[in-house]
Amino acid sequence: MSINCGAYSTVKRIFMKTKQVTQLTGLTKDTIRFYEKEQLIPPPSRDVNGYRIYSEKTVEQLNMITMAKNLGFTLKEIKDLTQLLGKNNLTQQAMATKLIEKSKEIDAKITELMNIKTLIDHALKGMCEYKDKLS
């Protein structure tokens, strides 16, 4: 499909079926459909046979969702970000603020996990306060 943008310009839009999108993104078709249901990506168009067809923009959105998940963002946080991005209300400063907040959350989680690991290490060394109750 081509879109005529004037006398000297034709923009070619590429549409892909689900299988191509799964290959490009590494996501399963079920994950892609879940993201559709949760409105993280727009509903796809359908071809004459009723098959879902996706645009390159949707593939970019799916890759952004994957990257955000890898950075520790929840799906709700990702949905909020995509809505801001879609409205052109996501500034670099706002994104930096969200990344700083996420970094702080991760630091807190690391501290919490280190404390748990210390307790486990102490238990393994026989320093568990309940060791006298074990048979």
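Scroll up to find the structure.
What counts as what
- Counting restarts for each chain: residues are numbered from 1 in the order of the written sequence.
- It should be noted that, the model being predicted, local features are given only for residues of pLDDT at least 70 and side-chain atom pairs only at 80 or more, the latter also being counted only at that level, while totals for whole chains, interfaces and linings use all residues.
- Remark: hydrogens and water are excluded; side-chain values derive from all non-hydrogen atoms of the structure.
- Each patch is built from residues lacking any salt bridge and having more than 30% relative accessible area; the joining distance is 9 Å for like charges and 5 Å for nonpolar side chains (Val, Leu, Ile, Met, Phe, Trp, Tyr).
- To be clear on the numbers: accessible area is Shrake-Rupley with a 1.4 Å probe, and residue cover counts the displayed protein chains and nothing else.
- Any Lys or Arg side-chain nitrogen located within 4 Å of an Asp or Glu carboxyl oxygen qualifies as a salt bridge.
- For each residue, the accessible area found with a 1.4 Å probe, counting protein chains only, is set against the maximum for its type, and the residue is called buried under 20%, exposed over 50%, and partly exposed in between.
- Think of a nonpolar core as a cluster: buried Ala, Val, Leu, Ile, Met, Phe, Trp, Tyr and Cys residues, connected wherever their side-chain atoms sit within 4.5 Å.
- Numbering of helices and strands runs from the N terminus; a helix is a DSSP stretch of H or I covering at least four residues, while a strand is a stretch of E covering at least two.
- In this analysis, two residues are considered to be in contact whenever any of their non-hydrogen atoms come within 4.5 Å of each other.
- When DSSP finds two or more bridges between a pair of strands, those strands are recorded as paired.
- For helices, the axis comes from a line fit to the C-alpha atoms of the stretch in contact; other axes are also lines fit to C-alpha atoms, and the angle between any two N-to-C directions lies between 0 and 180 degrees.
- This arc is taken over the directions from the axis of the helix to the C-beta atoms.
- Take the number of residues in a helix, subtract one, and multiply by 1.5 Å to get its expected span.
- Residues adjacent in sequence count toward polar contacts only when both atoms are side-chain atoms; beyond that, a polar contact is any pair of N or O atoms within 3.5 Å, and within protein one must be able to donate a hydrogen and the other to accept it.

A. Seen up close, a nonpolar patch on the surface. A cluster of nonpolar residues, Leu113, Ile116, Ile120 and Leu124, forms a patch on the protein surface that exposes about 410 Å² of accessible area. A relative accessible area of 47% means that isoleucine 120 is categorised as partly exposed.

B. Just the nonpolar core, in detail. Judged by nonpolar contacts, the single largest core of 15 residues is most densely connected at Val21, Ile32, Tyr35, Ile41, Leu62, Ile65 and Ile78. At the level of elements, helix H2 (29-37), helix H3 (56-70) and helix H4 (75-86) are the ones that each hand at least two residues to this core. Tallying contributions element by element places H3 first for this core, with four residues. Leave out the neighbours within four places in its chain, and isoleucine 65 touches Tyr35, Leu40, Ile41 and Ile78.

C. How the structure looks around unusual backbone geometry. Of note, the phi angle at glutamine 39 is positive, near 60°, even though the residue is not glycine. Among the structural elements, glutamine 39 can be located in the loop between H2 and strand S4 (45-46). Its relative accessible area of 57% is what places glutamine 39 among the exposed residues.

D. The arrangement of the sheet that holds S4 in detail. The three strands lie next to each other as S3-S5-S4, forming an open sheet whose pairing is antiparallel. Each end of this open sheet is capped by a strand with a single partner; those strands are strand S3 (15-17) and S4. Sheet topology places S3 next to strand S5 (residues 52-55); three bridges connect them, and they run antiparallel. Bridge pairing links phenylalanine 15 to serine 55 in S5. Sheet strands in contact with helix H1 (residues 18-25) are S3 and S5, and its direction is about 95° off that of S3.

E. Main features of H2. If you check which residues of H2 are buried, you get Ile32, Tyr35 and Glu36. The buried residues of H2 occupy an angular sector of 105° when projected down its axis, which confines them to one face. Seen from the open side of H2, the exposed residues pointing more than 90 degrees away from its buried face are Asp30 and Lys37. Buried residues belonging to H2 abut H1, S5, H3 and H4. Glutamine 39 sits one or two residues past H2 and shows a positive phi near 60°.

F. Quick look at H3. In a regular helix each residue adds 1.5 Å, so 15 residues correspond to 21 Å; H3 covers 21 Å between its end C-alpha atoms and thus fits that length. All of the buried residues along H3 are Thr58, Val59, Leu62, Ile65 and Ala68. In the core, the buried residues of H3 are packed alongside S3, H1, H2, S5 and H4. The positive-phi residue at the C-terminal boundary of H3 is glycine 72, with phi of around 100°.

G. Representation of the side chain of lysine 102 within the structure. As for its placement among the helices and strands, lysine 102 is situated in helix H5 (residues 92-124). Residue class for lysine 102 comes out buried when judged on its relative accessible area of 5%. Looking at lysine 102, its side chain comes within polar contact range of the side chain of glutamate 105, at 2.9 Å. Sequence-distant contacts of lysine 102, that is, excluding residues within four places in its chain, are made with Leu71, Gly72, Phe73 and Glu77.

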